[in-house]
Amino acid sequence: MRRTLTLAFLELRTSWRRPAWWVLLAILFFLTWGFSSGSVTIGSGGTQAGGDRAFINSEFNLAFGDILVFSLFYLFFVCTAFGNAVNEDDTLRVMPIVGSTGLTPREYVIGRWLGIALVFGVIITLHLFMQIGFFEMYPLSEPEKMRGPFALVNYLRPMVMFVAIPILALGAIAFAIGSITRQTVLVFALPVALLLSSLFFIWNFSPEWLPHWGNRALQAIDITGFRWLNETWLKVDKGVAFYNHEPLSFDALFTGARVALVVAAGIALLVAAQREQRRMRNPHAVTATDVERIIADADRARREREAAPRKESTLASLGMSSGHVGVLAAAVDAFRAEVREMRRSPGLWIFVPLIILQTVGPAIYSPGPFDTPKLTTPGSFAAQSYNTITLLSIFLMLYYFTESLARDERSRIASIVNASPSRTGALTLGRMAACTTVVAVALFGGLWAAMILAMVVQGVQSGIMLIPSPGPLVIAWGAMLLPTLFAWMCFMTLIWSQFRNRYAVYGAGIGAMILTGWCVQMGWMNWVFNWHLWDGLTWTDFGALELDRGVLVLNRVLWILVGLTLLHISLEWWRRRKMRRASLRACNSRARGSASCGCLSSVAQRSP
């Protein structure tokens, strides 16, 4: 137990050097500040004619806000922090040291998980104090109508049930996935799959034919608790007085689901401990006879090696050559190496089915006026799926390109790459092209299959078979989406060149996406700053983007120029860092030379 706590508190002391935690705290600060104004409340009460309003500090409203914050923001940070813990230790080459100590694999797993859990415990506590400070003391225009009496349980109970328990349980599951698979992309795919399944299925799937037990089953499997809260308390408005003054009670289904979640977390940690037991140690008895035989074999191999004639060879026989490497050749080599790495990644086999599932449903049935089915053409399919494709491709790029930038450091070949004659800009452009090509091919293939499936089903249902033309897809996902991905990768390159830390890139990327989504939600985004063209693509089958063609072209050109500017700044920072390192090495060499000369001169003066 003492070794476990030592490892946990070591993680707690050293984790605050990572920028991702400070990014999360900044996000929570601004979100709590925004929620305290009453912009996000449960749908009860009225603002017209002086009607009663839902209190911002009621238990129901705080639970609603905690669920949104966990689902949209905590989810990614939790899975990334817990799931990459073992991979981080592998990268730092500390696992052999851990295996040589008295720390057992079970103590290692529990200590690492507990250390990250303590970090999130501190963050949750700070989040709780932020809520109390803003919701109780932030000045409001009508505080007597928007703020009720202070009750600590209103803050504490939703934070425990809807944030703390899911964080610890989901962290254990993500830790087990990272420990078993050693695949960062599977860890990264977990929050994406949870978020998309919640947004597009678990939270909203409620047809008339759904039986009561099916509804309850969806409430039980929802880790966020939103469906249970909505179906049990919010779907049928119980009145603003009820939400303002009554406590939030939990039924047997919700309590049992939370207990099952805790049990699943314990099982996941045990599985991770067994996996580390097999990896770190494989104890077996070695007899004295075996020891003598191993030593004799080693001595015989050494004598044979020393007795064998040594073959002399020249450096020319190695076939090595040196010279200047052009920009195009270096970019092509980086492109080939990156494609070889990416095509073996299991992430594409996870995201492509998600893309098909998210796009084929709305394409098969698109309601028109008076709930009549509307035919889906290739152009309308490309336009209505553009937001989903943009979101998924941004997530894909955030993972793949960040791992591409960090691969040299993680593989310990960064010194070799930096010493090569290849230019950093050429290598970066090659990696950008590789990530874009692989992701574009995967997206286009999945969406092409989804569109063909939708057209076939639509033709069978309506008797009208449309030809799946690729032209609108190329225009929408080629000319419109590629500038977004280019600017996005240049932004990640800028963050990497400054911090040289992939967690900083993940944090900055998620923070940028959150800020963009907040601006879209508040209506602050116009056509100039809409870098991802969310809800900006309107298609008509009378022409290719006839309505907003000029604005779209200007927007795409602007963000290509912004991406080039960010890339130029990144490469300039890289060049200056190399120059500083070279000057430091030169200064150290001169200092060692001066010290050697001083020692020699002093020895010469003392000699007779």
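Residues numbered from 1 in each chain as written. Predicted model: local features only at pLDDT ≥ 70, side-chain atom pairs only at ≥ 80, totals over all residues. Heavy atoms only, no water.

**Describing the layout of surface pockets**
- Estimated volume of the largest pocket: approximately 1,000 Å³.
- If you trace the largest pocket, you find 31 residues lining it, with Leu 72, Met 513, Gly 517, Trp 518 and Gln 521 closest to the centre.
- Those elements that provide at least two residues to the lining of the largest pocket are helix 2 (19–35), helix 3 (59–83), helix 9 (184–202), helix 18 (386–410) and helix 22 (502–522).
- Looking at the lining of the largest pocket element by element, the count peaks at 9 residues for helix 22.
- Broken down by class, the residue content of the lining of the largest pocket amounts to 23 nonpolar, 8 polar and no charged. (1 Å grid on protein atoms, 1.4 Å probe; cavity = no way out; pocket = protein on both sides within 12 Å on 5 of 7 lines; lining within 4 Å. Points joined across faces, edges and corners; volume = space filled by probe spheres on them. Helix = DSSP H or I, 4+ residues; strand = E, 2+ residues; numbered from the N terminus. Nonpolar A, V, L, I, M, F, W, Y, C, P; charged D, E, K, R; others polar.)

**Some points on the confidence of the model for the chain**
- Of all residues in the chain, 82% have pLDDT values of 70 or greater, and the mean over the chain is 79.
- Per-element confidence in the chain ranges from a low mean pLDDT of 58 for strand 1 (residues 366–367) to a high of 91 for helix 8 (residues 152–181).
- In this model residues 599–608 is a low-confidence stretch, pLDDT under 50, and it forms 0 contacts with partners more than four residues away in sequence or in other chains. (pLDDT = per-residue confidence, 0-100. Contact = heavy atoms within 4.5 Å.)

**Concerning a nonpolar patch on the surface**
- A grouping of Ile 180, Val 259, Val 263, Ile 267 and Val 271 is seen on the molecular surface, where their side chains present a nonpolar patch of about 400 Å² in accessible area.
- For Ile 267, the location among the structural elements is in helix 13 (residues 252–280). (Patch = residues over 30% accessible without salt bridge, like charges linked within 9 Å, V, L, I, M, F, W, Y side chains within 5 Å. Areas by Shrake-Rupley, 256 points an atom, 1.4 Å probe, with all protein chains shown as cover. Salt bridge = Lys/Arg side-chain N within 4 Å of Asp/Glu carboxyl O.)

**Some details on helix 22**
- In this model, helix 22 (21 residues) spans 30 Å end to end at C-alpha, consistent with the 30 Å of a helix rising 1.5 Å per residue.
- A large share of helix 22 lies buried, amounting to 15 of its 21 residues.
- Following helix 22 by one or two positions, Gly 523 has its phi on the positive side, about 80°. (Expected span 1.5 Å × (residues − 1). Buried < 20%, exposed > 50% of the residue type's maximum accessible area, 1.4 Å probe, protein only.)

**Quick word on the side chain of Thr 436**
- Among the secondary structure elements, Thr 436 is positioned in helix 20 (residues 424–462).
- Looking at Thr 436, its side chain comes within polar contact range of the main-chain oxygen of Met 432, at 2.7 Å.
- With residues up to four places along the chain from it excluded, the contact list for Thr 436 reads Met 397, Leu 482 and Met 489. (Polar contact = N/O pair within 3.5 Å; in protein donor to acceptor, adjacent residues only side chain to side chain.)

**Here's the deal with the packing of aromatic side chains**
- Scanning the model with the defined rule gives 22 aromatic pairs in all.
- Taken together, a centroid distance of 5.4 Å and an interplanar angle of 70° make the contact between Phe 29 and Phe 134 edge-to-face. With a gap of 105 residues between them, Phe 29 in helix 2 and Phe 134 in helix 6 (residues 105–137) connect regions that are remote in the sequence.
- Among the residues examined, Phe 29 registers a relative accessible area of 35% and is labelled partly exposed.
- Accessibility expressed as a relative area gives 15% for Phe 134, which makes it buried.
- Taking the centre distance of 5.2 Å and the plane angle of 75° together, the rings of Phe 60 and Tyr 243 count as edge-to-face. Remark: Tyr 243 occurs in helix 12 (residues 240–245) and Phe 60 occurs in helix 3; sequence separation between them is 183 residues.
- A residue is classified by how much of its surface remains accessible, and Tyr 243, at 1% relative accessible area, is buried. (Phe/Tyr/Trp six-rings, centres within 6.5 Å; stacked < 30°, edge-to-face > 60°.)

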